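# Structural overview
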Amino acid sequence: MTRLVLLGPPGAGKGTQAARLAETLQVPAISTGDIFRANVREGTELGVTAKRYMDAGEYVPDSVTNAMVADRLSQPDAARGFLLDGYPRTAEQVVELDRVLAAQDAALDRVVEITADTDEVVTRILKRSAEQGRSDDTEDVVRRRLELYTEQTAPLSATYEQRGLLVRVDGMGAVDDVTARLLDAIGVPA
Ligand code: AP5
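The following refers to the structure shown. (Residues numbered from 1 in each chain as written. Predicted model: local features only at pLDDT ≥ 70, side-chain atom pairs only at ≥ 80, totals over all residues. Heavy atoms only, no water.)

### Some remarks on unusual backbone geometry
That bond from Tyr-87 to Pro-88 is cis: its omega, 0°, falls within 30 degrees of zero. Non-glycine residue Gln-26 carries a positive phi angle of around 60°. Of note, Gln-26 is situated in the loop between helix 1 (14-25) and strand 2 (29-31). The class of Gln-26 is exposed, set by a relative accessible area of 57%. At Asp-105, a position not held by glycine, the phi torsion is positive, near 60°. (Helix = DSSP H or I, 4+ residues; strand = E, 2+ residues; numbered from the N terminus. Buried < 20%, exposed > 50% of the residue type's maximum accessible area, 1.4 Å probe, protein only.)

And the structure:
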């Protein structure tokens, strides 16, 4: 049973690494960003709401995000464990995740913060922007996403550190090297 949270700034490699770890650990990678983007593509009501915030680099309101994650974590595949990528991002989301897990008589095993230099994450995101054209990967919006991360999400590391759950992993360098460091940090043989 593995219940993990991946923290880290935009472009740190959360999504890339979550997919790899999920395969090794055989648990679903749950990315709030991906769920929002799927809803945007499908034109759902949630997607219409989320797009307004995402395109401005703002966080989707906690009430919307929390309800979506609570629903996703109640699905059968998450009972075996999960890897949360991009949630929680606010203090209120931490409280909600605690509530959802307590109701399932469950708890997090580890919170992994992937660290990376700001110059490097901006370079990665602008490269992705040129290749894929993600609508929130423009320079202005990336600046706002980084700002919001510093203000609202970076402080969550201290919260989880106080609980003895936090490990920090260097996200710089080759993708394979970062994966190996992550597996080592969570005690899984590579
Ligand atoms: P989300 O999609 O989660 O965006 P993000 O956190 O800004 O993260 P990114 O996807 O940009 O980066 P990542 O760390 O996942 O790195 P990745 O592996 O993709 O969220 C988007 C929006 O949704 C938010 O801004 C917000 O509006 C909303 N939202 C989401 N969750 C929310 C929440 N909980 N509450 C409220 N709102 C929420 O890699 C980035 C690039 O770098 C890729 O091109 C990748 O190929 C490349 N790369 C990865 N690793 C390496 C490496 N080691 N070397 C070189 N390149 C690399």
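### Notes on the site of the ligand
Around the ligand there are 29 residues in total, and Thr-16, Thr-32, Glu-58, Arg-89 and Arg-128 lie nearest to it. The separation between an oxygen atom of the ligand and a polar side-chain atom of Arg-128 is 2.7 Å. At the level of secondary structure, the elements contributing two or more residues to the shell around the ligand comprise helix 1, helix 2 (32-42) and helix 6 (118-132). When residues in the shell around the ligand are grouped by element, the largest group, four residues, is from helix 2. For the shell around the ligand, the per-class residue count stands at ten nonpolar, ten polar and nine charged. (Near = heavy atom within 4 Å. Polar contact = N/O pair within 3.5 Å; in protein donor to acceptor, adjacent residues only side chain to side chain. Nonpolar A, V, L, I, M, F, W, Y, C, P; charged D, E, K, R; others polar.)

### Things to note about the packing of helix 6 against helix 7 (residues 139-153)
Where helix 6 meets helix 7, the closest approach of the two axes is 11 Å, and the angle between their N-to-C directions is 140°. As summarised for this structure, helix 6 and helix 7 are arranged oblique, according to the angle between their axes. Judged by the twist between their axes, the crossing of helix 6 over helix 7 is right-handed. Facing helix 6, whose interface residues are Thr-118, Val-121, Val-122, Ile-125, Leu-126 and Arg-128, helix 7 presents Glu-139, Val-142, Arg-145 and Leu-146. Taken together, the residues that form the contact of helix 6 with helix 7 break down as six nonpolar, one polar and three charged. (Axes fitted to C-alpha atoms, helices over the stretch in contact; angles between N-to-C directions. Parallel < 35°, antiparallel > 145°, perpendicular 65-115°, else oblique. Left-handed = near helix turned anticlockwise from the far one by under 90°. Contact = heavy atoms within 4.5 Å.)

### Some remarks on the side chain of Thr-153
Structurally, Thr-153 can be placed in helix 7. Residue class for Thr-153 comes out buried when judged on its relative accessible area of 3%. Polar side-chain contacts of Thr-153 include one of 2.7 Å to the backbone oxygen of Arg-89. Those residues within four positions of Thr-153 in sequence are excluded, and the remaining contacts are Leu-7, Tyr-59, Pro-88, Arg-89 and Leu-148.

### As for the nonpolar core
Counting 23 residues, the largest nonpolar core has Leu-73, Leu-84, Leu-97, Leu-108, Val-111 and Tyr-160 as its most contacted members. Those elements that place two or more of their residues in this core are strand 1 (2-7), helix 4 (62-73), strand 3 (81-85), helix 5 (91-103), helix 7 and helix 8 (155-162). Take this core: its biggest share by element is four residues, from helix 5. If sequence neighbours within four positions are ignored, Val-111 has contacts with Val-5, Leu-7, Tyr-160, Leu-165, Leu-166 and Val-167. Within the second largest apolar cluster, 16 residues are counted, among which are Ala-12, Leu-83, Val-112 and Val-169. (Core = buried A, V, L, I, M, F, W, Y, C linked by side-chain atoms within 4.5 Å.)

### Examining the side chain of Arg-145
Considering the arrangement of structural elements, one finds Arg-145 in helix 7. Here Asp-136 takes part through its backbone oxygen, which lies 2.6 Å from a polar atom of the side chain of Arg-145. Residues within four places of Arg-145 in sequence aside, it is in contact with Pro-10, Gly-57, Ile-125, Arg-128, Arg-134, Asp-136 and Asp-137.

### A look at helix 2
Among all positions in helix 2, only Thr-32, Gly-33, Phe-36, Ala-38 and Asn-39 are buried. As for helix 2, its buried residues are in contact with strand 2, helix 3 (45-54), helix 4 and strand 3. Taken from the residues just after helix 2, Gly-43 is the one with a positive phi, measuring 70°.

### Description of the sheet that holds strand 2
Taken in spatial order, the five strands make up an open sheet running 2-3-1-4-5, and their pairing is parallel. Strands at the two margins of the open sheet, each flanked by one partner only, are strand 2 and strand 5 (166-170). Neighbour-to-neighbour, the strand axes of this sheet turn through a mean angle of 25°, independent of strand direction. Summarising the sheet, strand 1 and strand 4 (residues 110-115) pair through four bridges and their orientation is parallel. In the strand pairing of strand 4, Val-5 is matched with Val-111. Running at roughly 65° to strand 2, helix 2 makes contact with strand 2 and strand 3 of the sheet. (Pairing = 2+ DSSP bridges.)

It is worth stressing that arrangement in space is one thing and function is another; only the former is reported here.
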